[in-house]
Amino acid sequence: YFRIMALDVALQPKQSELLSLIRNSPYKIIGYGGSNGGAKSHGIRDVNLVLCLEKKLSPIYTLIFRRKSNDLLENHIIPFFQKYPELNKFFNKTERIIYWPDGSITKFGYAEHEADITDFQGKKYDYIFIDEATHCTQPMIEFLLSRNRSETVRAKMILTMNPGNIGHTYIKRIFIDKKYLNNEDPDNYFYL
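Residues numbered from 1 in each chain as written. Predicted model: local features only at pLDDT ≥ 70, side-chain atom pairs only at ≥ 80, totals over all residues. Heavy atoms only, no water.

Draft legend 1. Local environment of the packing of helix α4 (residues 138-145) against helix α5 (residues 168-177). The N-to-C vectors of α4 and α5 enclose an angle of 60°; their axes lie 9 Å apart at closest approach. In terms of orientation, α4 and α5 fall into the oblique class. Facing Gln 138, Ile 141 and Glu 142 of α4, the residues of α5 in contact are Tyr 170, Ile 171 and Arg 173. (Axes fitted to C-alpha atoms, helices over the stretch in contact; angles between N-to-C directions. Helix = DSSP H or I, 4+ residues; strand = E, 2+ residues; numbered from the N terminus. Parallel < 35°, antiparallel > 145°, perpendicular 65-115°, else oblique. Contact = heavy atoms within 4.5 Å.)

Draft legend 2. Here's a closer look at the nonpolar core. Formed by 33 residues in total, the largest nonpolar core has its most connected members in Leu 18, Ile 22, Leu 49, Leu 87 and Phe 129. Elements with a contribution of two residues or more to this core: β2 (7-9), α1 (13-24), β3 (29-33), α2 (40-53), α3 (69-83) and β8 (127-130). Among the elements that line this core, the one with the most residues is α2, at seven residues. Setting aside its immediate chain neighbours within four residues, Phe 129 contacts Ile 22, Ile 44, Val 47, Asn 48, Leu 51, Leu 63, Ile 64, Phe 65 and Ile 158. (Core = buried A, V, L, I, M, F, W, Y, C linked by side-chain atoms within 4.5 Å. Buried < 20%, exposed > 50% of the residue type's maximum accessible area, 1.4 Å probe, protein only.)

Draft legend 3. Representation of the pairing of β8 in the model. The alternating pattern of β8 places Tyr 127 and Phe 129 on one face and Ile 128 and Ile 130 on the opposite face, and all of these are buried. In terms of strand pairing, strand β4 (residues 61-65) meets β8 through four bridges, oriented parallel. From the neighbouring strand, Leu 63 faces β8, where its bridge partner is Ile 128. Bridge count between β8 and strand β9 (residues 156-161): four bridges; the pairing is parallel. By the bridge assignment, Tyr 127 is partnered in β9 with Lys 156. (Pairing = 2+ DSSP bridges.)

Okay, here's the thing in structure tokens:
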């Protein structure tokens, strides 16, 4: 349970564990699995909120990513501002960006088509949350991983998932089967 900027943020045990892994673990890529309706999307929104509003030495840049624009709107933007309407004053609807009071930024992003992922070229995010990562191809996830870097924190990418869809084989290989390619360091991966 957190009280930040007069907001009450109550994390479920697994969501608290995710926040702890982001803050304290050496892992770069964290898989965050669970059943449909298991509060994964809600969890990454609230974990992102805590990270952006807690006191820190310098602002952070975060990305909450979903493959399709409508899914991003219905699974993240609408529920987030229904739960925390007082945060609307920080949200630029056109840009789909929250400009937090300390200078931190949260971008709500998507790439409907695989080629759209290059819209993130030249961007940099301390934390990237990919919701329903199995809806993305391996090259899309790897491209976003190349945008995941930081000078102030240990950059992390969090991937929520359910079995099936276009990215299933890749996600299963790295988090369940733990079969890594030469360019993939096994010490970077953790599955929650």
